[in-house]
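# Summary of structural features
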Amino acid sequence: MRLASGLLCVLVSAVSAQSGSDGPSSHHVQRRDAKPQSNYTGVIGTKLQAFPTWFVSAGSDVTIHCKAHTDEKKYGDKVYLHLAWTDMRPGNRTKKIVASRPASAGITYELNPVTHEHQGVYTCDDNGSLPEVYVLDWHSMLWVEDAPPKASMDVLSHNRSQFFSNEAFTLGCQLPDDNAPVEDDEVGLLLVAFNDWTGTVTECPGQVSSDHRLSSTITPVYLDSYSLYWCENPAGDRSNSLNVSIASVTVLESPPLPVMEGEDVMLRCFQRDRKTKEISSSFHASYYKNSRLIDNRFGRGPFDQEGNFTLRAVTKADEGVYTCKMPEAGGSFESWLSVKARPVEE
């Protein structure tokens, strides 16, 4: 099926854990707390996690946990948490409750195996039975990869998927060669955003389409966010997905798309001066894989003169979640490095 003129480029925001979180399964699941505006007798903060990850292939096994992680006044036995699922296929926003339990017990929901029917937004919230208790809801997207994807999404402006606030970057979605050119004024060409705080989809401004490619230049303003981008048409054909995080001080440069076995991969840590806003790479960065230190600057690893770290001739064993950290600036968000097998020569 062709990717038609109704191509959508979808943004999904999901907040990420910083370096030093509880392992690779926790990336893009750490939630910022917010205090309610009214006078409530108690506040329950929720946490939504998927193991091993929110981004899976059809046939994988996934376990979703919805639980209370802050409950100072011990309302967990009285408040019931709901785990809701919203179908996010084009033209469909069906929402239903898939599990409900006391907040003190939490919810464990298994998808064994995952199919494309399971893709959508999962929400961890309460049933509203105690209106005097404020429960922080949480929305996350479960993405089920298409094999192969119908189009190719990439970061056109940088070789990374982490950016600073107010740092512009450009995303592009390349259509298959056999598609007719997409005109700028064609009806149905939309850029939309999924807001993880509200669980709603809204249209984003600014998009350009020409020569089999849809592109958009984005200047993020919100800090500590983790986003998922992909292309999709009204028929449900999709591209690959791209995770993009927005930070204030430290970002990691690593390939946003899968790399081929045998290639060298350079990791680079950038920092932005809090006062001057100048961006520079750091010679004193430490690099982590799955929250474990893999090397540091002082003569123990393959660093170049600028302090960049290179993974030589990568294999599937190098696949994982990478971060960097600097003593003066702190840690970056997490980036997933994917390694694909080299095609077998006949």
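The rules behind these values
- Within any chain, residue numbers begin from 1 and follow the written order of that chain's sequence.
- A pLDDT threshold of at least 70 governs which residues receive local features in this predicted model, and a stricter bar of 80 or more applies before side-chain atom pairs are shown or counted, although totals over entire chains, interfaces and linings include all residues.
- The side-chain values count all of the structure's non-hydrogen atoms but skip hydrogen atoms and water molecules.
- By nonpolar core we mean a set of buried residues, namely Ala, Val, Leu, Ile, Met, Phe, Trp, Tyr and Cys, connected to one another through side-chain atoms within 4.5 Å.
- Type-normalised accessible area, obtained with a 1.4 Å probe on protein chains alone, sets the label of each residue: buried when under 20%, exposed when over 50%, and partly exposed for intermediate values.
- Helix numbers and strand numbers start at the N terminus; a helix is a DSSP run of H or I with at least 4 residues, a strand a run of E with at least 2.
- Take a side-chain nitrogen of Lys or Arg and a carboxyl oxygen of Asp or Glu: if they are within 4 Å of each other, that pair is a salt bridge.
- Pairs of strands are assigned from DSSP output, requiring at least two bridges between the strands.
- A fitted line through C-alpha atoms represents every axis, and for helices the fit uses only the stretch in contact; the resulting angles, taken between N-to-C directions, go from 0 to 180 degrees.

Ranked by internal contacts, the top residues of the largest apolar core, which has 33 residues, are L48, W54, I64, L83 and Y122. For this core, the leading source of residues is strand β10 (residues 138-145), giving five residues. V259, L267, Y287 and M326 belong to the second largest nonpolar core, which has 17 residues in total.

Moving on to the pattern of salt bridges. Following the criterion strictly, the structure yields four salt bridges and no others. The residue R160 makes a salt bridge to E167 at a minimum N-O spacing of 2.5 Å. A single burial state applies to R160 and to E167, both of which are buried. A salt bridge links R312 to D264; the nearest nitrogen and oxygen atoms lie 3.6 Å apart. With R312 in the loop between β26 (309-311) and β27 (320-326) and D264 in the loop between β21 (259-260) and β22 (265-272), the pair connects residues that are 48 residues apart, well separated along the chain.

Let us look at the sheet that holds strand β11 (residues 152-155). Taking strand neighbours across the sheet as the criterion, the four strands line up as β11-β13-β17-β16 in an open arrangement whose pairing is antiparallel. Each of the sheet's edge strands pairs with one partner strand only, and the pair in question is β11 and β16 (208-210). Strand-to-strand twist in this sheet, taken as the mean axis angle between neighbours without regard to direction, amounts to 20°. Here four bridges tie β11 to strand β13 (residues 169-174), and the two strands are oriented antiparallel to one another. Across the sheet, residue D154 finds its bridge partner in β13, namely G172.

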